[in-house]
Amino acid sequence: MGKIKVATQWLEACAGCHMSFLDIDERIVEFFKHVELTSSPITDLKHPPEEGVDVGILTGGIGNEDELHEAQEMRERAKLLIAMGDCAVFGGICTMRNFFPTAEVLRRGYIETESTVDGQIPQHEDLAPLTDKVSGVGDVVPVDIYLPGCPPTADAIWYVLTELLEGRMPKLEGKVLKYGMDGG
Amino acid sequence: MSEIHLKINGQEVTAQSGQTVLEAAKGAGVEIPVLCHHPALSNWGACRMCVVEVEGMRTLQTACTLPAADGMVIKTHTEQTFNIRKFVLELLFSERNHYCMYCQMSGDCELQAQAYNHGLDHWTYPRPYEKQEVDATRKYFIMDHNRCILCTRCVRACTEIAANHTLGLRNRGAETMISADLNVPFGESSCVECGTCLQVCPTGALIDARSAYGGREKDVTHTQTTCMQCSVGCDLDVVTRYKRLLRVDGVWDSEPSGGLLCVDGRFAPLYETRKRVVKPLVRKDGKLTEASWEEALGLVANALKGSTCQGLAACATTNEALAAFAGLMTQLGGQAGRLEPVAPTLGYGVPAKVADVLDADFIIVAGAQPLDYQRVVGYFIHRAADQGATVAVISDSENALSKRAALTVASAQAGIVAKAAADARKIVLVYSVGLKPEVIAALKPLGDKVSFLALDPARNGKGAEAVGLKPQSPVKTDVAYILLGEQPVADALHVPAGFKVVQAAYHSTLTEQADVVLPTPLWYERTGHVTTLDGVIKPLQAVLPAPADVRDESVVLEQLAALLR
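Residues numbered from 1 in each chain as written. Chains lettered and ligands numbered in written order. Predicted model: local features only at pLDDT ≥ 70, side-chain atom pairs only at ≥ 80, totals over all residues.

Participant: Which parts of the structure should I look at to understand the overall build of chain B?
Facilitator: Helix and strand content of chain B: 14 helices and 29 strands. The dimensions of chain B, computed from C-alpha atoms along their principal axes, are 90 × 60 × 45 Å. The burial tally for chain B puts 49% of its 565 residues in the buried class. Sequence-distant contacts, at least 24 apart, represent 66% of the contacts inside chain B between residues at least 6 apart. (Helix = DSSP H or I, 4+ residues; strand = E, 2+ residues; numbered from the N terminus. Buried ≥ 20, exposed ≤ 12 C-beta atoms within 10 Å, placed from the backbone. Contact = placed C-beta atoms within 7 Å.)

Right under this line is the structure:
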């Protein structure tokens with residue numbers, strides 16, 4: 001049997017979920033005996049291959065049109081999609097801006113912050129417009145596995161991946177189901 | 001009460017009639033998940049977490065409100081109940097801001113715990129993202145409506161325990177909000193900051209300004225002690241982490257207050273701003289200077305030898321210290337008394353306990369302001385009034401209890417109250433130092449029908465009484481020995497003695513005049529006992545260690561006694 005193909009991508013996120021994945025430490029050696037990481041934000045290739053992967057992992061919420069596109073691309077190319085971390089599960093801390101109109105958020109962020117001098121709101125055709133509200137991945141594409149946590153612990157991530165490698169659908173409960181870190 | 005038999009999850013269970021299904025299940029060791037239920041409060045049935053299947057009933061029933069009945073067959077944990085509970089949680093999580101990662105309650109939150117127990121890895125309903133208010137207008141705790149699940153525990157605590165009726169609900173359905181009075185900011189409301197709502201809140205909606213983010217339940221230490229802020233003597237559960245005082249909670253099912261505290265016991269002592277005395281001080285060249293205990297006690301002993309002496313105690317310390325104080329004064333042949341006045345004696349009636357207020361049907365308040373001091377007694381009077389007791393206030397000035405009183409009269413009209421109370425089943429007279437002789441005379445016809453609660457204005461007045469300390473004014477002696485502890489002093493207090501020794505926890509106008517100042521521990525550094533208004537001798541536990549150069553009064557007084565022997 002060939003290796004299982006996994007692709008990851010981060011959307012509106014702090015990268016903490018990918019850091020937490022790296023916290024599986026030496027288990028990563030065992031992991032790569034069974035898995036081929038086709039693409040990820042921390043390797044050269046950024047997009048999942050067109051021929052598809054077995055498992056797609058998305059971290060971060062959907063906050064702009066590029067992220068929406070990335071989520072759709074991953075969904076199309078992955079047999080099984082994992083929303084990893086609170087932002088991917090329900091928008092997480094990024095949803096703080098949902099209480100304000102987008103224009104106000106941009107004005108506050110780029111012009112009105114106390115440390116800003118002569119600020120301007122960046123505008124370029126390469127810059128993706130913000131969505132009206134930040135949402136979780138599940139609000140824009142169907143998700144197969146939700147792995148909450150800010151970030152999910154390395155053990156929770158390891159549990160989900162190893163269950164999948166064993167051919168089982170992971171069921172999050174007990175120690176591996178946490179919304180925050182360290183006891184929260 | 002009679003015994004009933006029911007079946008819970010196939011197990012034969014014996015319960016008492018009058019119990020709810022939740023209580024019957026708990027008695028049989030079956031834990032049904034709850035959110036809006038709290039053992040100290042009435043049952044509400046709002047959250048639907050406790051739904052159970054009952055044979056013969058068409059729909060699921062809330063176990064917290066369903067009376068257990070003979071022959072009932074109940075299933076508490078089925079696929080259906082699990083799914084419904086999870087559904088309820090999904091609705092709650094989708095409604096407001098229940099994002100745990102930046103909430104101070106994360107790890108200790110009942111909503112979060114239930115979500116974990118039910119494997120809630122996401123929810124399906126979209127969030128409306130409506131911005132709710134955060135009300136930080138009160139000094140000690142904050143209300144974040146974004147975290148509120150409308151369980152109404154706070155409303156019930158305010159109504160049933162504090163009997164203050166500040167909190168309520170306004171609007172209906174998804175618009176429902178917890179409200180203070182007629183929707184005013186909490187800081188401008190009738191809230192008395194007893195903090196009972198804070199203690200029962202299951203989520204992070206009510207935030208203690210001091211202890212928030214200070215440590216989760218797994219990180220903190222709980223120490224039980226007795227409140228020393230007044231003579232009621234409520235049990236305290238003091239929460240600390242490392243050497244930091246985080247929070248004070250009430251202790252459910254404890255005497256006399258049953259978990260109810262007041263702002264003086266729960267919050268105010270944690271915000272003390274007076275400057276602490278941490279080392280013995282002696283006057284040198286007109287200035288108070290730090291000294292060793294040996295030097296300070298040597299000076300005091302020298303001053304006391306062969307001198308006339310008056311000892312004056314603020315009864316703000318332990319029974320042990322008061323006894324040692326009285327003992328030393330006897331040894332020296334000096335006079336000893338207390339600084340605080342005492343409530344007069346009636347010459348009739350029988351002594352009452354604080355809890356007697358709760359089942360009185362006629363309460364007379366005279367010469368006392370229990371809503372301002374010894375507040376738990378005031379809240380108990382409110383609670384009794386809610387249950388239908390008649391409250392009569394006899395006062396020649398404004399009294400906050402008048403608002404809820406059936407009648408308020410001046411001292412000269414006290415006879416009206418005596419007449420009104422004549423047919424009552426149980427009369428409790430709550431009074432203090434302000435009770436006037438004409439009122440005592442006017443109420444005399446009630447005689448031994450009166451149970452009286454004499455509110456001692458001192459924190460440990462009963463302890464002082466036990467060692468024979470009676471009120472005294474400062475007189476001219478060679479030496480004045482003043483046992484002050486944490487008690488604030490009136491600026492008007494003039495001590496004419498030639499040499500003044502003050503044993504105190506804080507700097508004050510009195511320590512400024514002193515020749516020697518000896519540092520004392522604070523309430524949470526003490527061991528020993530106090531005697532409460534009910535005459536119960538309650539223990540004090542040292543919650544945190546006192547600073548290195550602070551010694552308990554009883555130890556110091558014994559050392560002095562030894563030096564003078």
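We are not done yet, so read on.
Participant: Explain the interface of chain A and chain B to me, please; I cannot follow it from the model alone.
Facilitator: Interface size is commonly expressed as the accessible area that is lost once the parts come together. Contacts between chain A and chain B engage 21 residues on the former and 16 residues on the latter. No other element matches helix α4 (residues 86–90) of chain A, which puts 3 residues into the side of chain A that touches chain B. Classifying every residue of the side of chain A that touches chain B by side-chain character gives 10 nonpolar, 7 polar and 4 charged. (Nonpolar A, V, L, I, M, F, W, Y, C, P; charged D, E, K, R; others polar.)

Participant: Help me understand the sheet that holds strand β27 (residues 516–519) of chain B, please; the structure alone is not making it clear to me.
Facilitator: Sheet strands pair by backbone hydrogen bonding; their relative direction is either parallel or antiparallel. Residues and elements named next belong to chain B. With mixed pairing, the 8 strands of this open sheet are ordered in space as β15-β14-β27-β26-β25-β16-β17-β24. Both edges of this open sheet fall to β15 (287–290) and β24 (470–471), since each of them pairs with a single strand only. Bridge count between strand β16 (residues 309–313) and strand β25 (residues 479–485): 5 bridges; the pairing is parallel. Bridge assignment links Gly-311 to a residue of β25, and that residue is Tyr-481. Packing against the sheet, helix α8 (residues 319–332) makes contact with β16, β17 (335–338) and β25, and its axis sits at approximately 170° to β16. (Pairing = 2+ DSSP bridges. Axes fitted to C-alpha atoms, helices over the stretch in contact; angles between N-to-C directions.)

Participant: Explain the pairing of β15 of chain B to me, please; I cannot follow it from the model alone.
Facilitator: On any regular strand, side chains alternate: one points to one face of the sheet, the next to the other face. Residues and elements named next belong to chain B. Note that strand β14 (residues 281–284) and β15 share 4 bridges and pair antiparallel. Considered in β15, the bridge of Lys-284 is made with Lys-287. Between β14 and β15, which pair antiparallel and follow one another directly, the connecting turn spans 2 residues, one of which, Asp-285, has a positive phi of 50°.

Participant: Would you take a moment to explain the environment of Ala-71 of chain A for this structure?
Facilitator: Positionally, Ala-71 of chain A belongs in helix α3 (residues 65–77). Here the alpha-carbon distance between Ala-71 of chain A and Val-140 of chain A, two residues 69 residues apart in the chain, equals 7.8 Å.

Participant: Whenever I open this one, the domain arrangement of chain B confuses me. Can you help?
Facilitator: Residue and element names in this part refer to chain B. Under the domain assignment, chain B is made up of domain 1 (3–77), domain 2 (125–271), domain 3 (281–341 + 461–525 + 538–564) and domain 4 (350–454). Inter-centroid distance (C-alpha atoms) of domain 2 to domain 3 is 37 Å. Each side of the interface is counted separately: domain 2 has 12 residues, and domain 3 has 11 residues. Residue assignment for the side of domain 2 that touches domain 3 shows that the elements contributing at least two residues are β11 (221–226) and β12 (235–241). At 4 residues, the largest contribution of residues to the side of domain 2 that touches domain 3 is made by β11. Along the lines of polarity and charge, the residues of the side of domain 2 that touches domain 3 split into 4 nonpolar, 7 polar and 1 charged. (Domains from an automatic or database assignment.)

Participant: I'm lost on the sheet that holds strand β1 (residues 3–8) of chain B in this one. Help?
Facilitator: Residues and elements named next belong to chain B. Strand order in this open sheet of 5 strands is β2-β1-β5-β3-β4, and the pairing throughout is mixed. What marks the edges here is a single partner per strand, and that holds for β2 (11–16) and β4 (61–62). Relative to strand β5 (residues 73–75), strand β3 (residues 51–54) is paired through 2 bridges, and the arrangement is antiparallel. Note that in β5 the partner of Glu-53 across the bridge is Lys-75.

Participant: Would you mind showing me how to read the packing of α8 of chain B against helix α14 (residues 553–564) of chain B here?
Facilitator: Two numbers describe a pair of packed helices, the interaxial angle and the distance between the axes. Residue and element names in this part refer to chain B. Two numbers describe how α8 lies on α14: the axes approach to 8 Å, and their chain directions differ by 20°. Judged by the angle between their axes, α8 and α14 are roughly parallel. Seen along the crossing, α8 lies across α14 with a hand that is left-handed. Here α8 contributes Glu-320, Ala-321, Ala-324, Phe-325, Gly-327, Leu-328, Gln-331 and Leu-332 to the contact with α14, which in turn contributes Glu-553, Ser-554, Leu-557, Glu-558, Leu-560, Ala-561 and Leu-564. Looking at the contact of α8 with α14, its residues break down into 9 nonpolar, 3 polar and 3 charged. (Parallel < 35°, antiparallel > 145°, perpendicular 65-115°, else oblique. Left-handed = near helix turned anticlockwise from the far one by under 90°.)

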